[in-house]
Amino acid sequence: MISTSRPPSVNSMGTDGDPFSALLRPPASETEHERIARLQREADAKRISDSIDEEIKADRERMRKSREDIRLLLLGQAESGKSTLQKQFQLLYNPAGLDDERLSWRTVIYFNIARPISRILDALDAYGDAEEDDDEVYGAADIRAASGMPVPSGSTDIAAEEKSLSPSQLSLEKQITSFRLRLAPLLAAETSLADRLSGGIDVSGSGKGSVFVRSGWQLKSRGFPFGRGRERTSSGGRFSFSGRNSTDENKGNEMELQARHAEVQEDKLVHEVASILNACQKDIKELWELPAVKRLRERRRLKLEEWAEYFLNNIERVSAPGYLPTIEDILHARIQTMGVAEHVFDMSVHGRTVRWHLYDVGGARGQRHSWIPYFDDATAIIFLAPVSAFDQYLDEDPRTNRIDDSLQLFKQICSNALLKRAHLVLFLNKTDVLKAKLAAGIKVNKYITSYGDRANEYDTVVAYFKAHFTQVHRRTNENNRVLFTHLTSAVNTKAMQSIITDVRDSIFRGYLKSAALV
């Protein structure tokens, strides 16, 4: 049998055989002054080490608590009502924060007036007072005009058109020219307002002419009135709990100065646009009430969103000197979200306080990839489907009906493996707009051929769309997850607060069950 000697362990070695001890041992010639300096360095090093250990311990504790937080995703296509629902949450749980933002919303509201005015004039240029009915057959010019894009025409075409115009049409041409001259300052301000809101950013795959804003655009240097803002890291979408470090201090100060400078510029721009609106108030009202505009809307040659009609109907109040947006105005104001906006707030439910993270996402096709990092730890999802959009098509793809796109998106959400355990709520939104369209005689089966000969009535239409979304959920429901469905109008504050309370309670009950607390 072969025997070998066992090498000495670290513990069995004396200090004379330990190379690290020899390395750390102070030199024999060390003076008293050098000894004091060495001890001070060792004390500083230990203090820094202990501080790092405390930060790590605190981060671990925060991460442990964060696992108990509720994370609610608001998902859906663009213009489905996600940001409006976020405002309703804010109005219910932090009304003071929304009140602090009122002045900031003037920029959006003024843009929501300037953009439709431009589209109305473009539609008048494209169609005049034509007798043809709505979009039976969509040509290239029709698509451009419906999306608010100018229809190009050469001088030869214009001359040929003028020869064929009737006296009434020639009169309308002169009116349009007059309106363009009188409203020229407002039309010019549209670009400045759009650049101020989006910073000149163009998001690919999000439709032509869209204007997007970043998270926190309205807060500027006022802090975070709706909860506390947090950032996500690039690794897995997890939270970064540490604050800004010293190396970012100068960059942060520079950004703060830029924000203050931009706020001063915004005040100047807003005041200028407010003066323009006040001076053009009568012209805007006259254009909006023009019989030719009314006929274009009735014949579906001019399609304006509900927010555009709201502000044009209230133009006298909105353009008055010293105008301050109301809560109703803010709920109707429309601007597209870019990326994911997070809102953090504490909510007390049945005597227990829980931190909620609400995520308002950009719904355009070119932005949906940004949702994925938020799927892995989502507690609940509210999916918003605008049932009023049966006669609308995507800005990104004019061939795709918005209802069909919403169904396909809902299918992807329901079948996503990362979201299988998330509480699922469906809002069939914009029911008020649906009722108005049906009352105006717009036929669902003209745009949704599978609707067939069913009655063109609200209850029948809603039941039809609800059945389709329920069927999508049932086909992808491997875990027997319950789908909670609500018929909603996100701008109806009284009704929405009741629905939000019910949804909050159902989410909280599911949260307690998953946490094994009930």
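Residues numbered from 1 in each chain as written. Predicted model: local features only at pLDDT ≥ 70, side-chain atom pairs only at ≥ 80, totals over all residues. Heavy atoms only, no water.

Q: Explanation requested: the side chain of Asn-112 in the structure shown.
A: As for its placement among the helices and strands, Asn-112 is situated in helix α5 (residues 105-127). Reaching out from Asn-112, the side chain makes a polar contact with the backbone nitrogen of Arg-334 at a distance of 2.8 Å. Excluding anything up to four places from it in sequence, Asn-112 contacts Trp-307, Ala-308, Phe-311, Ala-333 and Arg-334. (Helix = DSSP H or I, 4+ residues; strand = E, 2+ residues; numbered from the N terminus. Polar contact = N/O pair within 3.5 Å; in protein donor to acceptor, adjacent residues only side chain to side chain. Contact = heavy atoms within 4.5 Å.)

Q: Would you mind going over the packing of aromatic side chains with me for this structure?
A: Each aromatic ring pair is summarised here by two numbers: the centre-to-centre distance and the angle between the ring planes. Under the counting rule described, the total for this entry stands at 10 aromatic pairs. Centroid distance Tyr-93 to Phe-345: 5.9 Å. Interplanar angle 20 degrees. Geometry classified as stacked. Placement of Tyr-93 in helix α3 (residues 82-93) and of Phe-345 in strand β6 (residues 340-349) is noted, with a sequence separation of 252 residues between them. Classification of Tyr-93 by relative accessible area gives partly exposed; the value is 23%. (Phe/Tyr/Trp six-rings, centres within 6.5 Å; stacked < 30°, edge-to-face > 60°. Buried < 20%, exposed > 50% of the residue type's maximum accessible area, 1.4 Å probe, protein only.)

Q: Can you walk me through the pairing of strand β9 (residues 423-429) in this structure?
A: For a regular strand, the rule is simple: side chains alternate between the two faces of the sheet. Taking burial as the measure, the seven residues of β9 include seven buried ones, the bulk of the element. On β9, burial covers both faces: His-423, Val-425, Phe-427 and Asn-429 on one face and Leu-424, Leu-426 and Leu-428 on the other are all buried. Direction of pairing for strand β8 (residues 380-386) relative to β9: parallel, over a ladder of seven bridges. For Phe-383, the partnering residue across the bridge sits in β9 and is Leu-426. Following the backbone out of β8, through helix α15 (residues 402-415) and into the adjacent parallel β9, one traces a crossover that is right-handed. Note: β9 against strand β10 (residues 483-487), five bridges, orientation parallel. When the sheet's bridge partners are listed, Leu-426 is paired in β10 with Thr-485. (Pairing = 2+ DSSP bridges. Right-handed = clockwise from strand over helix to strand, strands pointing away.)

Q: Teacher, can you tell me more about the packing of α5 against helix α12 (residues 306-313) here?
A: Angle between the axes and distance between the axes: these two values describe a pair of packed helices. Two elements in contact, α5 and α12, have axes separated by 9 Å at closest approach and are oriented at 100 degrees. In terms of their interaxial angle, α5 and α12 are classed as roughly perpendicular. Contacts between α5 and α12 involve Ile-109, Asn-112, Ile-113, Pro-116, Ile-117 and Ile-120 from the first element and Trp-307, Ala-308, Phe-311 and Leu-312 from the second. Here the contact of α5 with α12 is composed, by residue class, of nine nonpolar, one polar and no charged. (Axes fitted to C-alpha atoms, helices over the stretch in contact; angles between N-to-C directions. Parallel < 35°, antiparallel > 145°, perpendicular 65-115°, else oblique. Nonpolar A, V, L, I, M, F, W, Y, C, P; charged D, E, K, R; others polar.)

Q: For this particular structure, what's the right way to read a nonpolar patch on the surface?
A: A cluster of nonpolar side chains, namely Ile-48, Ile-52 and Ile-56, defines an oily patch on the protein surface of about 250 Å² accessible area. One can find Ile-56 in helix α2 (residues 32-66). Look at Ile-56 and you get partly exposed, because its relative accessible area is 38%. (Patch = residues over 30% accessible without salt bridge, like charges linked within 9 Å, V, L, I, M, F, W, Y side chains within 5 Å. Areas by Shrake-Rupley, 256 points an atom, 1.4 Å probe, with all protein chains shown as cover. Salt bridge = Lys/Arg side-chain N within 4 Å of Asp/Glu carboxyl O.)

Q: What is the right way to look at the packing of helix α16 (residues 431-439) against helix α17 (residues 458-475) in this model?
A: For the pair α16 and α17, the least separation of the axes is 10 Å and the interaxial angle reads 130 degrees. Classified by the interaxial angle, the pair formed by α16 and α17 is oblique. Classified by chirality, the crossing of α17 by α16 is right-handed. Across from Thr-431, Leu-434, Lys-435 and Leu-438 in α16, the residues of α17 making contact are Tyr-458, Val-461 and Val-462. Per-class residue counts for the contact of α16 with α17 are five nonpolar, one polar and one charged. (Left-handed = near helix turned anticlockwise from the far one by under 90°.)

Q: Would you explain the environment of Gly-362 in this entry?
A: If you trace the backbone, Gly-362 turns up in the loop between β7 (352-361) and β8. Look at Gly-362 and you get buried, because its relative accessible area is 1%. Sequence-wise, Gly-362 and Lys-82 are 280 residues apart; in three dimensions their C-alpha atoms are separated by 8.7 Å.

Q: Sorry, what's going on with the pattern of salt bridges here?
A: Pairing between side chains becomes possible if they bear opposite charge and their charged atoms approach one another. Applying the stated criterion to the full structure yields 24 salt bridges. We note a salt bridge from Glu-286 to Arg-182, for which the minimum N-O separation is 3.5 Å. Taken as a pair, Glu-286 in helix α10 (residues 249-288) and Arg-182 in helix α8 (residues 167-182) lie far apart in primary sequence, 104 residues in all. Accessibility expressed as a relative area gives 38% for Glu-286, which makes it partly exposed. The salt bridge partner of Arg-365 is Asp-405, with a shortest N-O separation of 3.6 Å. Taken as a pair, Arg-365 in the loop between β7 and β8 and Asp-405 in helix α15 lie far apart in primary sequence, 40 residues in all. Residue class for Arg-365 comes out partly exposed when judged on its relative accessible area of 37%. Through salt bridges with shared partners, one network takes in Arg-365, Arg-368, Asp-397, Arg-399 and Asp-405.

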